[in-house]
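# Structural overview for review
Chain residues, written in single-letter form:
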Amino acid sequence: VLEGTCPFGGNTIGGAYTSKPTLSDWYPDRLRVEQLHRDGPAANPLRDFDYEAAFTAIDLDELKAEIKQFLTTSVDWWPSDYGNYGPQMIRMAWHAAGTYRIADGRGGAGQALQRFAPINSWWDNGNTDKSRRLIWPIKKKYGSSLSWADLMILTGNCALEIMGFPTTGFGGGRRDSWEADDATYWGAEWIENSNPESFDAMVMRSDRWTGEPGDADYELQQPLAASHQALIYVNPEGPNENGNPGDSAVDIRITFGRMAMNDMETVALIAGGHAFGKSHGKVAADKIGAPPEIAPMEAMGLGWKNPEGPGFAEYTMTNGIEGAWTPNPTQWDNSYLENLFGFEWEKFHNPITGATQWKPIDPTAPKTPDAHIEGQMNDLMMMTSDIALKVDPVYRDICEQFLADFDLFTREFSKAWYKLTHRDMGPKSRYLGPEVAAEDFIWQDPLPSYDGPRLADAEVSTLKQAILAAGVSVSDLAYTAFSAAVTYRDSDKRGGANGGRLALAPQKDWKVNARTGEVISALKQVQATSAAQVSLADLIVLGGCVAVEQAAQAAGVTVAVPFTSGRVDATDEQTDVAQFEWLAPVVDGFRNFVLPEFSSISRVAPEEMFMDKAALLGLSAPQWVALTGGLRVLGCNHDGSSTGIFTDRVGVLSTDFFETVTSMDYEWAKVDDEGLSFAINDRATGSKVYDASRNDLLFGSNQQLRAVAEVYAGSDGQERFVHDFVEVWDAIMMADRYDVKKG
Ligand code: HEM
């Protein structure tokens, strides 16, 4: 007790660092720029670790043999169903990968985010905490050489293999995240889940949908891919738990489509996955304890405590639906489809949990052995989402093909599983280990292989001269190089300048790229007349280097912008137009681009989308500021307009942008009701000096970004700015160069 304070309460502690309320509780609409620095090196205990070297040193055969041995060795604290952990591990791997969504490339298995909230506590991930804990001894043995993310997918593969399924391959190389992702948009209505009674509320739909299934305008909000909050894809009981298989099929098509799966892949995955294992619904949901993130401390990271019996084995409660799909749940065979189509199914409510599920009407339908009680045989089970495959005409047709040709089904499921589990890894050059499939798949955005020499310094100099002589402005060269590189997203490692896809459909036709067509033609001329072999992709980037060097020189700073040749040009055949269309920007603040329809389709402000893109590029706040300020003075607006170009020396890498946004010589006024456009007026004369967008004023209005802008606007800022700009420019140009960088 401190001297002078009341011993009975004067020293009550009301809060500690991070106790609520914190900044975002007071100002919920603030732009959380600090999120750009989440999961950074400071959070990573392995930041200096060479994962590639460590993983490739593992004897993969030996590791797989150990995993397979474990899968059929039951432990007492969570005994396996049917004496085989395989099915629950397939589900763990599928749920790890299945959060992926193509709209922003976020989610997926790549970082083992299933370990952290909110994903670790989603109702749909019930008992995956046990699956991960079960494989901890293997993780422990291999330590840092085997990431959780790789182990989870590899265990899924091993599980499939011991049950007779031929997998297509396995590529390692996933790097774990080290903290919860507090910024990904998973949709509204998360969560009042400290109260287990609200489990139902968690799986209800939110305003993420417009319309109802069957309506022409039925649509799921972007960038979401799951139909309900806290689920991976769709509710097994149908939309809003309505038990309607037709409606369920509509949701499945939309949500699996957002996962970049077509109808064939979707059917293969669902029918293939549910050839294994069972669903668990032996205890009412309201008796189940809190999920891992908010479970009591003594639960030590586990959640969903089940009070019935020992809380596992024949008492297991996960989803609420009870039963197995096939008579042989640990064997790869075609009995899922044979029984789905061989019998009529009737809907009923699970008597314990109330969940909607289906059983065969025909009493002669095969039974399935109980997972734990010796000698007990149970009815087969289907979910509403399984019956959906039978009622939707297109899914039905595919099922019939699979029924008639089990090898086709096996091949399609094997390929779709490989895609599911590797979709978010980016270029194949990131895959590690001896089991990487030799075949190139179109979803990998393949590139032609190149093992020729790098350009010699003299050749680079000659090419630079040729580019300068081609009569293209600094502004256009920089714009084109940036436009090639900016498609990169660190989430699923897609996009980027390599491949030269800026010159191919669909990118060449995007409105935002209209300025690049003529530049590309000029660069193709340079390529055609060059003595050295050079790809268009390299020339586009080199054009950017030339432009930045010229602009820096004009600002009085001499710099050499790094250039690493070796890029290749992809072909139309190597480019899946529909899958690339997802990379088209809705908002790109760097190029002052906002899709005209944006304000009517979005509930978020342009600057939030701008920051979303900055995050996808992997930028820090200082990098974001330097890059934008530089692009503005380089004149890199998509339409060549003067909005945000706060300089009368376009093409000079000056600090004029920062000086303007920090200057009190101006006042700033909205020019439309929505507050999308602004005028910057001279405070003394009242006359307009510049036009601006939200994506310009952001750098003076947001306190964190302004603080960085002040550094560059300071009297000692010019040189620092040029160096910082060159550094971030190079980082963007090299973002996709997994052929030369690690990670
Ligand atoms: C289990 C739903 C797609 C593999 C389950 C369970 C549900 C479910 C509710 C029971 C969980 C439990 O109580 O333990 C769905 C829905 C899907 C879908 C609605 C999409 C329409 C898939 C896919 C795969 C898969 C694509 C893998 C390729 C499995 C496996 C199990 C399972 C192996 C058994 C787990 C065990 O035995 O512990 N699924 N699933 N599912 N699912 Fe799915």
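Residues numbered from 1 in each chain as written. Predicted model: local features only at pLDDT ≥ 70, side-chain atom pairs only at ≥ 80, totals over all residues. Heavy atoms only, no water.

So, on to the pairing of strand S6 (residues 356-360). The buried fraction of S6 is high, at four of five residues. Of the pairings in the sheet, the one linking strand S5 (residues 345-349) to S6 comprises five bridges and is antiparallel in character. Bridge pairing links glutamate 346 to lysine 359 in S6. What sits between the antiparallel neighbours S5 and S6 is a turn of six residues, in which glycine 354 has the positive phi angle 80°. (Buried < 20%, exposed > 50% of the residue type's maximum accessible area, 1.4 Å probe, protein only. Helix = DSSP H or I, 4+ residues; strand = E, 2+ residues; numbered from the N terminus. Pairing = 2+ DSSP bridges.)

The local shell around the ligand holds 24 residues, among which His274, Lys278, Ser279, His280 and Asn319 are the closest. Between tryptophan 94 and the ligand, the recorded distance is 3.2 Å, taken from a side-chain N or O atom to a nitrogen atom. Going through the elements one at a time, helix H4 (86-97), helix H10 (263-273), strand S3 (278-279) and helix H14 (406-422) are the ones with two or more residues in the shell around the ligand. The element contributing the most residues to the shell around the ligand is H4, with five residues. For the shell around the ligand, the class distribution of residues is 13 nonpolar, nine polar and two charged. (Near = heavy atom within 4 Å. Polar contact = N/O pair within 3.5 Å; in protein donor to acceptor, adjacent residues only side chain to side chain. Nonpolar A, V, L, I, M, F, W, Y, C, P; charged D, E, K, R; others polar.)

In the segment running from alanine 117 into proline 118, the intervening peptide bond is cis, with an omega of 0°. Looking at where proline 118 falls in the secondary structure, it is placed in the loop between H4 and helix H5 (128-134). Residues other than glycine seldom take positive phi values, yet tyrosine 82 does so here, at roughly 55°. If you trace the backbone, tyrosine 82 turns up in the loop between helix H3 (60-71) and H4.

You will see that the iron atom of the ligand has only one donor from the protein, His274 (NE2), lying 2.1 Å away. Mapped onto the fold, histidine 274 is located in the loop between H10 and S3. (Donors = N, O, S within 2.8 Å, 3.2 Å for Na, K, Ca; no water.)

Attention shifts here to the packing of aromatic side chains. With the rule as written, the count across this model stands at 38 aromatic pairs. When the centroid spacing of 6.1 Å and the interplanar angle of 65° are considered together, the rings of tyrosine 418 and tryptophan 443 count as edge-to-face. Of this pair, tyrosine 418 sits in helix H14 while tryptophan 443 sits in the loop between H14 and helix H15 (457-469); the two residues are 25 residues apart in sequence, bridging distant segments of the chain. Comparing tyrosine 418 with tryptophan 443 shows no difference in burial state: the two are buried. (Phe/Tyr/Trp six-rings, centres within 6.5 Å; stacked < 30°, edge-to-face > 60°.)

What follows is about the domain arrangement of the protein chain. By domain assignment, the protein chain separates into domain 1 (196-412), domain 2 (457-581) and domain 3 (587-723). Using only C-alpha atoms to locate each centre, domain 1 and domain 2 end up separated by 48 Å. (Domains from an automatic or database assignment.)

If you walk through the whole model with that rule in mind, you get 38 salt bridges. Its salt-bridge partner being glutamate 308, residue lysine 287 comes within 3.6 Å of it at the nearest N-O pair. With lysine 287 in the loop between S3 and strand S4 (323-324) and glutamate 308 in the loop between S3 and S4, the pair connects residues that are 21 residues apart, well separated along the chain. With a shortest N-O distance of 3.0 Å, arginine 567 and aspartate 538 are connected by a salt bridge. Taken together, the positions of arginine 567 in the loop between helix H18 (536-554) and helix H19 (577-581) and aspartate 538 in helix H18 put the pair 29 residues apart, joining distant regions of the chain. (Salt bridge = Lys/Arg side-chain N within 4 Å of Asp/Glu carboxyl O.)

Between its first and last C-alpha, H3 extends 16 Å over twelve residues, near the 16 Å set by a 1.5 Å rise per residue. Residues Leu60, Leu63, Lys64, Ile67, Phe70 and Leu71 constitute the buried set of H3. Within H3, the buried residues cover an arc of 120° as seen down the axis, which keeps them to one side. Exposed residues on H3 whose side chains face more than 90 degrees from its buried face are Asp61 and Gln69. In the core, the buried residues of H3 are packed alongside helix H2 (51-57), H4, H5, helix H6 (136-142) and helix H7 (148-162). (Expected span 1.5 Å × (residues − 1). Arc of directions from axis to C-beta. Contact = heavy atoms within 4.5 Å.)

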